[in-house]
Amino acid sequence: MQPGRWGAGLARGGVPSQRTSPGPQPTRAQAEMGVTSVGSADEASPLPLALCHPLNATALQRDLEKLFGQHLATEVILKALTGFKSNRNPKKPLTLSLHGWAGTGKNFVSQILAENLHPRGLKSNFVHLFVSTLHFPHEHKTKLYQDQLQKWIHGNVSACASSVFIFDEMDKLHPGVIDAVKPFLDYYEQIDGVSYRKAIFIFLSNAGGDLITKTALDFWRAGRKREDIQLKDLEAVLSVGVFNNKHSGLWRSGLIDRNLIDYFVPFLPLEYKHVKMCVRAEMRARGYVVDEDVVSRVAEEMTYFPKEERVYSDKGCKTVQARLDFY
Ligand SMILES: Nc1ncnc2c1ncn2[C@@H]1O[C@H](COP(=O)(O)OP(=O)(O)OP(=O)(O)O)[C@@H](O)[C@H]1O
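Remember, it's a predicted structure, so these values are computed and weren't measured experimentally.

(A) Inspection of the pairing of strand β5 (residues 263-267) at higher detail. Among the five residues of β5, four are classified as buried, and the element is accordingly described as predominantly covered. Where strand β1 (residues 94-100) lies against β5, five bridges are found, and the strand directions are parallel. Its bridge partner being in β5, Ser-97 is matched across the sheet by Phe-264.

(B) Local environment of empty space enclosed by the protein. According to the stated counting rule, one finds one cavity of 30 Å³ or more in the structure shown. As a volume, the largest cavity reaches approximately 40 Å³. Forming the walls of the largest cavity are Pro-183, Phe-184, Asp-186, Tyr-188, Glu-189, Gln-190, Ile-191, Val-194, Ser-195, Tyr-196 and Arg-197. Counted by class, the lining of the largest cavity contains six nonpolar, two polar and three charged residues.

(C) Region of interest: the sheet that holds β5. Spatial ordering of the open sheet is given by β2-β3-β4-β1-β5, a layout of five strands whose pairing is parallel. This sheet does not close on itself; its edge strands, each paired only once, are β2 (127-131) and β5. When the angles between neighbouring strand axes are averaged without regard to direction, this sheet yields 15°. Summarising the sheet, β1 and strand β4 (residues 200-205) pair through six bridges and their orientation is parallel. Counted as the bridge partner of Leu-94 is Ile-200 from β4. Running over the sheet, helix α5 (residues 106-117) touches β1, β2, β3 (164-168), β4 and β5 and is turned about 165° from β4. Across the sheet, helix α10 (residues 231-243) is in contact with β1 and β5; its angle to β5 comes to roughly 105°.

(D) Looking closely at the site of the ligand. The immediate surroundings of the ligand are formed by 18 residues, with Phe-68, Lys-106, Asn-107, Asn-206 and Lys-318 found nearest. Measuring from an oxygen atom of the ligand, one finds a backbone N or O atom of Phe-108 at 2.9 Å. Here an oxygen atom of the ligand sits 2.4 Å away from a polar atom, N or O, in the side chain of Lys-318. Structurally, the ligand is housed in the largest pocket. Among the elements that make up the shell around the ligand, the one with the highest residue count is α5 (three residues). Built from parts of two domains, the shell around the ligand gets at least three residues from each of domain 1 (57-267) and domain 2 (272-325).

About the cut-offs
- Residue numbers run consecutively from 1 along every chain, following the written order of its sequence.
- Since the coordinates come from a predicted model, pLDDT governs what is reported: local features require at least 70, and pairs of side-chain atoms require 80 or more to be given and counted, while whole-chain, interface and lining totals use all residues.
- Hydrogens are left out, water is left out, and the side-chain values use all remaining heavy atoms of the structure.
- Each residue's exposure class comes from its accessible area (1.4 Å probe, protein chains only) as a fraction of the maximum for that residue type: buried when under 20%, exposed when over 50%, partly exposed otherwise.
- Labels follow the DSSP assignment, with helices taken as runs of H or I lasting at least four residues and strands as runs of E lasting at least two, numbered in each case from the N terminus.
- Pairs of strands are assigned from DSSP output, requiring at least two bridges between the strands.
- Only protein atoms enter the calculation, which uses a 1 Å grid: trapped sets of points that fit a 1.4 Å probe without letting it out are cavities, open sets showing protein on both sides within 12 Å along at least five of seven lines are pockets, and any residue with an atom within 4 Å of a point is a lining residue.
- Grid points are joined across faces, edges and corners, and a volume is the space filled by probe spheres set on the points.
- Residues were grouped as follows: Ala, Val, Leu, Ile, Met, Phe, Trp, Tyr, Cys and Pro as nonpolar; Asp, Glu, Lys and Arg as charged; and all remaining residues, including Gly, as polar.
- The axes used here are C-alpha line fits, helices contributing only the stretch in contact, and every angle between their N-to-C directions lies in the interval 0 to 180 degrees.
- Contact definition: two residues touch when any of their heavy atoms are within 4.5 Å.
- To be near a molecule or strand, a residue needs just one of its heavy atoms within 4 Å of it.
- Polar contacts, as counted here, are pairs of nitrogen or oxygen atoms within 3.5 Å of one another; within protein the pair requires one atom able to donate a hydrogen and one able to accept it, and residues that are adjacent in sequence qualify only if both atoms are side-chain atoms.
- Cavity and pocket membership follows a simple rule, namely that a molecule belongs there if more than half of its atoms are within 2 Å of the grid points.
- Either an automatic procedure or a domain database provided the assignment from which the domain bounds are taken.

Okay, here's the thing in structure tokens:
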């Protein structure tokens, strides 16, 4: 996933221009929402909430079918998003914490969400991606990052109430940085004249991947179906595990003990058959005819764990695209 426009926005003082310069022509933000003409807007007011892009639940559901082997994530995300977007008066922003092994689809699903919430997806002015190792690399700058984050979020939610903030590599985030967003995730009606209740925060993390794998493997070893794993088998384990994990980005975080994360979304490790599905999808996306021989060869080249049983792909579907280049 490509990083967002963090630096550029801050250089503008964190407050995007569309808040202060609406005119008779649609602003860039409004054009993005499909507005082709506007009346004389109130100069001082932020974008009307009504202009924010409505969610098409059917389209979201269809897009989520592209996510393989993740029955829990698909179900939770669909319910969470449709419920939140159909509520005209949410009491707090929606906060999702996505957990799982590498290459299981966390960034992929974030992209799907972004595109369903704002037509330009990750390229939208209203979708902001932060990558820990890129945007918050130095532990000694934690205070600075916290200040910048707060200014950035304030400025962008002022401009569009339904802004989306995605934090990738949460497990590499230095402890404490994320607590800067805590006030925005809480049940306040407004903070300094801005309501954050329509915003969406998404955290992505490998933390908890070991716990998810253990549960999946227990089911597999007991001969139970993967699809029988339920959210309740994992949600509590995940929130406690992440809270107690120093390298989760949410270690002892107020976000967890104040119950500000609405859903912990588990991404299960992917099996051989899912890797094959990814290879087929990639071939179709490239306009190739699906060749089952190539599909099997690519899937067999991947490494699987645990050593003896070889059930799950080490890298999920992550290197499928690169491997396909060899054929
Ligand atoms: N469950 C899945 N269904 C369909 N495609 C997938 C799935 N998981 C991964 N992929 C494919 O593999 C690519 C890499 O996956 P993605 O970046 O979403 O993994 P990730 O879980 O975010 O990994 P990491 O934790 O390493 O960032 C995706 O762009 C997508 O093409």
